[in-house]
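This is what each chain is made of:
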Amino acid sequence: MKYYLIVGEASGDLHAAHLMRELKNVDPKAEFRFFGGDHMSMVGGTLVRHYRDTAFMGLFSVIAHLPTILRNMSMCKADIREWGPDAVILVDYPGFNLGIAKYVHSNKLAKVFYYISPKIWAWKENRIKNIKRDVDELFSILPFEVDFFEKKHHFPIHYVGNPTADEVGEFMGKYDETFLQFCQRHNLPQKPIIALLAGSRKTEIKDNLPRMMRVMEHFPDYQFVLAGAPAIDDEYYSRFITDTSLGMVHNDTFALLANATAALVTSGTATLETALFNVPQVVCYATPVAPFWGFLKKLVLKVKYISLVNLIADKEVVPELVADAFTHKRLMDELSGIMPGQPGRKTMLEGYGRMREAIGKPGAPANAARLMVSILNQ
């Protein structure tokens, strides 16, 4: 069968690549065409457009790139119609993907599968109308979404497990590098590491990285190492790196986390990855509307937390420094409190254990692939 996949960022590229591998196991004749990235390309198929040319985040960025977004959407629709897939698999990225879902469904071009459902439980809950109308099957990777979609909105979904847990587990099962070897491979000094995961988009990096770096001088016994995002070049990072002692690794975030003592992490999938590596963290998220954050949170957001760790655990396991709470003093205090020997570290690691229990058994991509092929064969 023919599968057309659409992702909009680095984490989606990784998740979709694992799903594609499992689809090939279940359906040996599987063909792929996609808006995606390097991980998906390594699995095989035809890359139509790279996500780095489609990933625009934030109102102002979207407005500035609106002609490009519209061209990409028009191109995608035409490509789907011409290729004639059996299924269109959408991976998160709702601003773009819900438009594609509407087009595919209204023209009866293919089954519409949504893998990694849009986070409408956080905001834009009214998108449930589009999902009910245009999505044939919804595949969830977050356990709390079952109640949200099925009990609150009476829309049946498939909870398949969490692919990030699978990806981290697979990596750790094969990773045998020592700390010394990791440091030598990346030309880093042999000092304990505090990892900086400042986001995968340019706007996130611009807002978060400079603030994260301000605490470096207060932890002289540690080296700070930045995880370079796949689609961001060194020239862009150089605009914000003012301390030459900051280390950097490219396309090796999992190895960095496997060797880190603690981390400062911008909210997103990275918070969950960090927790699954058992690395204590402080979640940091700067926003240009910081003075109005409290008001906007009450008006727009529908959830108590912004990090996946806390949302899955349904309690504050990791501190969230968002908007006006993301101050130098708070960051210093929270990071100090999770370093080795501090009671906050033990408490956080115990919270990670409860989060793992909520996620459940591994096998998300395989579960989703089996369900998709079964539905298509019915």
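Residues numbered from 1 in each chain as written. Predicted model: local features only at pLDDT ≥ 70, side-chain atom pairs only at ≥ 80, totals over all residues. Heavy atoms only, no water.

Draft legend 1. Highlighting the sheet that holds strand β1 (residues 2-6). Reading across from one edge, β3-β2-β1-β4-β5-β6-β7 is the order of the seven strands in this open sheet, with parallel pairing throughout. In the strand order of this sheet, the two ends are held by β3 (46-50) and β7 (158-159), each with one partner. Relative to strand β2 (residues 31-36), helix α1 (residues 10-26) is tilted by about 175°, and along the sheet it contacts β1, β2, β4 (87-91) and β5 (111-115). Against the sheet, helix α5 (residues 94-106) makes contact with β1, β2, β4 and β5, and its axis sits at roughly 160° relative to β5, the strand it touches most. (Pairing = 2+ DSSP bridges. Helix = DSSP H or I, 4+ residues; strand = E, 2+ residues; numbered from the N terminus. Contact = heavy atoms within 4.5 Å. Axes fitted to C-alpha atoms, helices over the stretch in contact; angles between N-to-C directions.)

Draft legend 2. Examining the packing of helix α8 (residues 163-174) against helix α13 (residues 269-276) more closely. Put simply, α8 and α13 touch, their axes get as near as 10 Å, and they point 45° apart. Put simply, α8 runs oblique to α13. Relative to α13, α8 is oriented so that their crossing is right-handed. For the pair α8 and α13, contact is made by Thr164, Ala165 and Val168 and by Thr269, Leu272, Glu273 and Leu276, respectively. Among the residues forming the contact of α8 with α13, the class breakdown is four nonpolar, two polar and one charged. (Parallel < 35°, antiparallel > 145°, perpendicular 65-115°, else oblique. Left-handed = near helix turned anticlockwise from the far one by under 90°. Nonpolar A, V, L, I, M, F, W, Y, C, P; charged D, E, K, R; others polar.)

Draft legend 3. A look at the side chain of Thr274. Along the chain, Thr274 turns up in helix α13. If we skip the residues at most four places from it in the chain, Thr274 touches Leu197, Leu257, Ala263, Val265, Val279 and Gln281.

Draft legend 4. Inspection of the sheet that holds strand β12 (residues 281-285) at higher detail. Strand order in the open sheet made by the six strands is β10-β9-β8-β11-β12-β13, with parallel pairing throughout. The strands lining the two open edges of the sheet, one partner per strand, are β10 (247-250) and β13 (320-322). The mean inter-strand angle of the sheet, taken between neighbouring strand axes irrespective of direction, is 25°. Here strand β8 (residues 193-197) runs beside strand β9 (residues 223-228); their pairing, made up of four bridges, is parallel. Directly across from Ala195, in β9, lies its bridge partner Val225. Strand contacts of α13: β8, β11 (260-266) and β12, with the helix running at about 165° to β11, the strand carrying the most contacts. Of the strands in this sheet, β8, β9, β11, β12 and β13 are in contact with helix α16 (residues 328-336), which crosses β12 at around 160°.

Draft legend 5. Seen up close, the environment of Val225. Structurally, Val225 can be placed in strand β9. The exposure class assigned to Val225 is buried, which follows from its relative accessible area of 0%. Each C-alpha atom of the pair Val225 and Lys129 lies 43 Å from the other, and the pair is 96 residues apart in sequence. Excluding residues within four positions of it along the chain, Val225 makes contact with Leu188, Ile193, Ile194, Ala195, Leu196, Leu246, Gly247, Met248, Val249 and Leu256. (Buried < 20%, exposed > 50% of the residue type's maximum accessible area, 1.4 Å probe, protein only.)

Draft legend 6. The arrangement of the packing of α1 against α8 in detail. The geometry of α1 relative to α8 is characterised by a closest axis approach of 10 Å and an angle of 80° between their N-to-C directions. Compared by their axis directions, α1 and α8 come out roughly perpendicular. Residues Leu14, His15 and His18 of α1 touch α8, and the partners they reach there are Pro163, Thr164, Glu167 and Glu170. Of the residues in the contact of α1 with α8, the class split is two nonpolar, three polar and two charged.

Draft legend 7. Representation of α13. Among the eight residues that make up α13, seven are buried, leaving the element largely enclosed by the rest of the structure. Those residues of α13 lying buried are Ala270, Thr271, Leu272, Glu273, Thr274, Ala275 and Leu276.

Draft legend 8. The packing of aromatic side chains, seen in detail. Taken as a whole, this structure holds 13 aromatic pairs when the rule is applied. Here the aromatic rings of Tyr93 and Phe96 are separated by 5.3 Å at their centres, their planes lie at 15°, and the arrangement is stacked. A relative accessible area of 18% places Tyr93 in the buried class. Here Phe96 falls in the buried class, since its relative accessible area comes to 4%. Site record: aromatic cluster; members linked through ring pairs are Phe171, Tyr175, Phe254 and Phe277. (Phe/Tyr/Trp six-rings, centres within 6.5 Å; stacked < 30°, edge-to-face > 60°.)

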